[in-house]
Amino acid sequence: MPPDPQGGGDADPGPIRSEPGSLLEHAVVAVLGIDDEDRICYWGPGARSLFGHDSAAVLDRPASMLFPGRDPGAAARLAERARTLGYWRVRMPALHQDGTVFDCGFRVFPLTDSTGRSVVMGLASRSVELDRVKTNLAFLDALFETYPIGLVMLDEDLRYVHLNQALADMDGIPLADHLGRRMTDIMLTSDGGEYQRLLQTVAQEGRTVVDTLVGLRTPGHPDRDQVRSVSLFPLSGAVGTRRGVGGLLVDVTDRERAIMEATAARQRLALLDRAAARIGTTLDVDVTARELVQSVVPDFCDASVVELVEWMHAPEVFDPRLPLVTRRIAWGTTLPEPADELLGGLERVTYPPGSGIHTMLATGRPRWFAVNDDFVSSTVAHKERARLLMESGLACILIAPLVARGTIQGITMFGRAASRPAFSEPDLSLAGELASRAALCLDNARLYSRVQDIALTLQRALLPSAPAAGPYADVAHRYLPGSRLTEVGGDWYDVIPLPGDELALLVGDVMGHGVPAAAAMGRLRITAKALARHTRDPEALLAELDTCAQEAGIELATCLCIFYDPHTGHARVASAGHPPPLLRHPDGTVERIGGVLGVPLGVGGVPFRSTGTRIPEGAVVALYTDGLVEARGQDIDTGIDALSDQLRAPVDCLEEAADRILSGLLREAATDDTVLVLARLRRAPASGPQ
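Quantities reported herein were computed from a predicted structural model and do not represent experimental measurements. (Residues numbered from 1 in each chain as written. Predicted model: local features only at pLDDT ≥ 70, side-chain atom pairs only at ≥ 80, totals over all residues. Heavy atoms only, no water.)

## What about helix α8 (residues 253–278)?
At step 1: Look at α8: 36 Å from first C-alpha to last across 26 residues, which is about the 38 Å you get at 1.5 Å a residue.
At step 2: Note on α8: the residue one or two positions beyond its end, G280, has a positive phi of about 90°. (Helix = DSSP H or I, 4+ residues; strand = E, 2+ residues; numbered from the N terminus. Expected span 1.5 Å × (residues − 1).)

Shown next as structure tokens:
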């Protein structure tokens, strides 16, 4: 039945509005009623806003007053169509109280009360406002249907109430299957609930989130990792309800993957550049292996080892049917125990046929393996080592061969924990590059070590192992080769007993390193020993050595020669460019003797001279090479003074004194060969009146 006319008074002059937040909120809707006599019988609050008339001015007045020219035909036609059709909508010119005419949209329909009286109810609104509402609705419909970006509306419980096809396709789930489900049931993240908390913050606090990256998977694409750019904003809810959430979601997986791949490529190039600068700074195998490990941990992997193959047969050829024995020379990890025990607790490793290492070497290319039961059982023979590997935290291991000059030098392994991505094809290429460079450096170091070993073996073979000093001298001697960073030099010494109880003490140094220096040293030492047996003149001995050096092509060598007669206590000293010997008197005073330096051997054309000195009973003579007293940035005289200070200490035992002097002067690794000879000289007892 028709509403009470009095209910449509002017107490609320505002328009009838839809619930807050809808598109109709801004459209003024007038409600009015027309009776059987085409008079206005109801005038709602919105009608006053639309037409400008108070209810008192229009009630029981002809409805024609609402149309231009007060046309009764317009009002009658409106009511007649409503009664005839049951519902009619039309646009007609309408008249405002101020005399202006505006385009108005009417929706009319009949109502009948209990007495049978018929009333035509009308809803009227400005056409421009209706057009705006329809345009907005059409826009929203088109937006949800055709927009390529995912759109979503969630209710206050963060359940889907509306979404577009683009988002459904993105999720791989039909649109209808979303409705009523929570968003976090579709967007599965592994961020510890961070995305859920973000949604709740938008819904409850009204915050806006723009372009937040979210990594996820969906039930529709369970094996596909996605990255979405998510923008969220609050939606005004109906009266008395909480806020909902609107969102725009863009699949940026390809973009992010491209960015990540580009970043990873730059990181790999930077790592390769750093490794190229770091690996191979020395010709030491162990140092080179450590440099490789330090280059990749932790930038490339969480753990790494370098192992050299110990070939069981002379031809260093890989046979997949045989076990492979390696020696682990470097390792490093950032993982907690038991990773340290796994990597560092074993020096020699035996891999059975069929192991992952055999599989890799069979192809000659880097390969990676998941750390699972199959890999562990086939690769690790020892059960305890297998347990350590399974508990180490390593999820995958990349193995690369160390091949140089066609020979397998060894293997290197890189391990990653589960918190890192598994190895990719670019990672395999990077590992191959690193292994290739390291293998060449290791091979160079290995070859150099062999040459060093040959030179050192030759050097030691040519030096006296236990020189006989005769009855009136006690001798302690030391030879220390330089570090592995420098080649073996040409330092030498000799103690030669002579007829008549005399004694020759010689020390020398051939400039240069390696096998040539060792060979030249051996030639000079053997020549000097032969000459000493036929002459007691140190000047003549050096002259003959000089001739020998020139004939042998030895361009530069030093030599110091002392002839000592225990019957007289007299000594003759001659030097060919060698540092002077030191004499420690029994009272602890130390002096330099043999002040004439002379020119080195091989120069030629300059005669040698000698000086004489008396050696007190029990005095100690120290002969040495420059490796003991020379140091970078230090004058040689400073080193000789330091040696003198060492000699002033008690020298009760020559062997202990020699060790004490070396440890006191060579606190760091020697960079050059070093010789030290300590000789305590005594007098022969008098055989008759002098």
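After that view, the rundown keeps rolling.
## Description of the sheet that holds strand β20 (residues 557–565)
At step 1: Spatially, β18-β19-β20-β21-β24 is the arrangement adopted by the five strands of the open sheet, whose pairing is antiparallel. Each having just a single partner strand, β18 (490–497) and β24 (610–614) make up the two edges of the open sheet. When the angles between neighbouring strand axes are averaged without regard to direction, this sheet yields 15°.
At step 2: Examined bridge by bridge, β20 and strand β21 (residues 570–576) share seven bridges and lie antiparallel to one another. (Pairing = 2+ DSSP bridges. Axes fitted to C-alpha atoms, helices over the stretch in contact; angles between N-to-C directions.)

## Quick look at the sheet that holds strand β7 (residues 160–163)
At step 1: Read across the open sheet, the five strands follow the order β7-β6-β10-β9-β8; overall the sheet is antiparallel. What marks the edges here is a single partner per strand, and that holds for β7 and β8 (209–218). The average angle at which neighbouring strand axes cross in this sheet is 30°, direction not considered.
At step 2: Pairing of strand β6 (residues 150–154) with β7 involves three bridges; the strand directions are antiparallel. Bridge pairing in β7 links M153 to H162.
At step 3: The strands touched by α8 within the sheet are β8, β9 (221–235) and β10 (244–251), with β9 carrying the most contacts at an inclination of about 110°. (Contact = heavy atoms within 4.5 Å.)

## Focus: a nonpolar patch on the surface
At step 1: Nonpolar side chains collect at one region of the surface, where M511, L556 and V603 lie side by side and expose about 240 Å² of accessible area between them.
At step 2: Within the element layout of this structure, L556 appears in the loop between α16 (538–552) and β20. (Patch = residues over 30% accessible without salt bridge, like charges linked within 9 Å, V, L, I, M, F, W, Y side chains within 5 Å. Areas by Shrake-Rupley, 256 points an atom, 1.4 Å probe, with all protein chains shown as cover. Salt bridge = Lys/Arg side-chain N within 4 Å of Asp/Glu carboxyl O.)

## Here's the deal with the confidence of the model for the chain
At step 1: With 88% of its residues at a pLDDT of 70 or more, the chain has an overall mean of 85.
At step 2: In the predicted structure, residues 1–24 sits below a pLDDT of 50 and forms 50 contacts with residues beyond four places in sequence or in another chain. (pLDDT = per-residue confidence, 0-100.)

## What to know about helix α11 (residues 356–363)
Three or four residues apart is the spacing at which side chains of an α-helix point the same way, because the helix has 3.6 residues per turn.
At step 1: When we look at burial in α11, the residues that qualify are G356, I357, H358, M360 and L361.
At step 2: Next to the buried residues of α11 lie β12 (324–333), β13 (348–351), β14 (367–370), α12 (373–379), β15 (394–404) and β16 (407–417).
At step 3: Positive backbone phi, approximately 75°, marks G364, located one or two places after α11. (Buried < 20%, exposed > 50% of the residue type's maximum accessible area, 1.4 Å probe, protein only.)

## Describing the packing of aromatic side chains
Note on aromatic pairs: each is described by the distance of the centres and the angle between the planes.
At step 1: Scanning all chains against the criterion turns up six aromatic pairs.
At step 2: Ring geometry for F51 against F102: centres 6.0 Å apart, planes inclined by 50°, an arrangement best described as tilted. Here the residue F51 occupies a position in helix α1 (residues 45–51), and F102 occupies one in strand β4 (residues 101–112), the gap between them amounting to 51 residues.
At step 3: Assessed through its relative accessible area of 0%, F51 is described here as buried.
At step 4: Each ring, one from F300 and one from F414, has its centre 5.5 Å from the other, and the planes form 85°; the classification is edge-to-face. Highlighted residues: F300 in the loop between α9 (285–296) and β11 (303–309) and F414 in strand β16, separated in sequence by 114 residues. (Phe/Tyr/Trp six-rings, centres within 6.5 Å; stacked < 30°, edge-to-face > 60°.)

## Remarks on the side chain of R478
At step 1: With respect to the helices and strands, R478 occurs in strand β17 (residues 473–480).
At step 2: A polar contact of 3.0 Å, which involves the side chain of R478, links it to the side chain of D659.
At step 3: Discounting chain neighbours no more than four positions away, the residues touching R478 are E655, A658, D659, L662, T674, V675 and L676. (Polar contact = N/O pair within 3.5 Å; in protein donor to acceptor, adjacent residues only side chain to side chain.)

## Brief notes about the packing of helix α18 (residues 636–648) against helix α19 (residues 654–665)
At step 1: Their axes nearest at 10 Å, the elements α18 and α19 cross at an angle of 140°. For the crossing formed where α18 meets α19, the hand is right-handed. On the side of α18, the interface is formed by A642, L643, Q646 and L647, while α19 contributes R660, I661, G664 and L665. (Left-handed = near helix turned anticlockwise from the far one by under 90°.)

## Details of the nonpolar core
At step 1: In terms of nonpolar packing, the biggest core is built from 32 residues, with V296, F300, V306, L398, L402, F414 and L442 touching the most fellow members.
At step 2: Elements supplying a minimum of two residues to this core: α8, α9, β11, β12, β15 and α14 (425–462).
At step 3: At 10 residues, α14 tops the list of elements feeding residues into this core.
At step 4: In this structure L398 touches P366, R367, W368, T412, M413, F414, F423, D427, L428 and A431, once residues within four positions along its chain are discounted.
At step 5: Formed by 29 residues, the second largest nonpolar core is a distinct cluster that contains A303, I357, A386 and L389. (Core = buried A, V, L, I, M, F, W, Y, C linked by side-chain atoms within 4.5 Å.)

## Quick notes on the environment of R387
At step 1: In this fold, R387 is placed in helix α13 (residues 383–391).
At step 2: Among the residues examined, R387 registers a relative accessible area of 34% and is labelled partly exposed.
At step 3: Spatially, the C-alpha atoms of R387 and V376 are 8.8 Å apart, while their sequence positions differ by 11 residues.
At step 4: Side-chain polar atoms of R387 contact the side chain of E384, separated by 2.3 Å.

## Considering the side chain of H53
At step 1: When you line up the elements, H53 lands in the loop between α1 and α2 (55–58).
At step 2: Contacts of H53, omitting those with residues within four sequence positions, involve W43, R48, V58, M65, L66 and Q97.

## Brief notes about the pairing of strand β25 (residues 620–624)
At step 1: In terms of burial, β25 is a largely internal element, five of the five residues being buried.
At step 2: Note that strand β22 (residues 582–584) and β25 share three bridges and pair antiparallel. Among the inter-strand pairings, R584 is bridged to a residue of β25, identified as V620.
At step 3: Here β25 runs beside strand β26 (residues 674–681); their pairing, made up of five bridges, is antiparallel. Each bridged residue has a counterpart across the sheet, and for Y624 the counterpart in β26 is L676.

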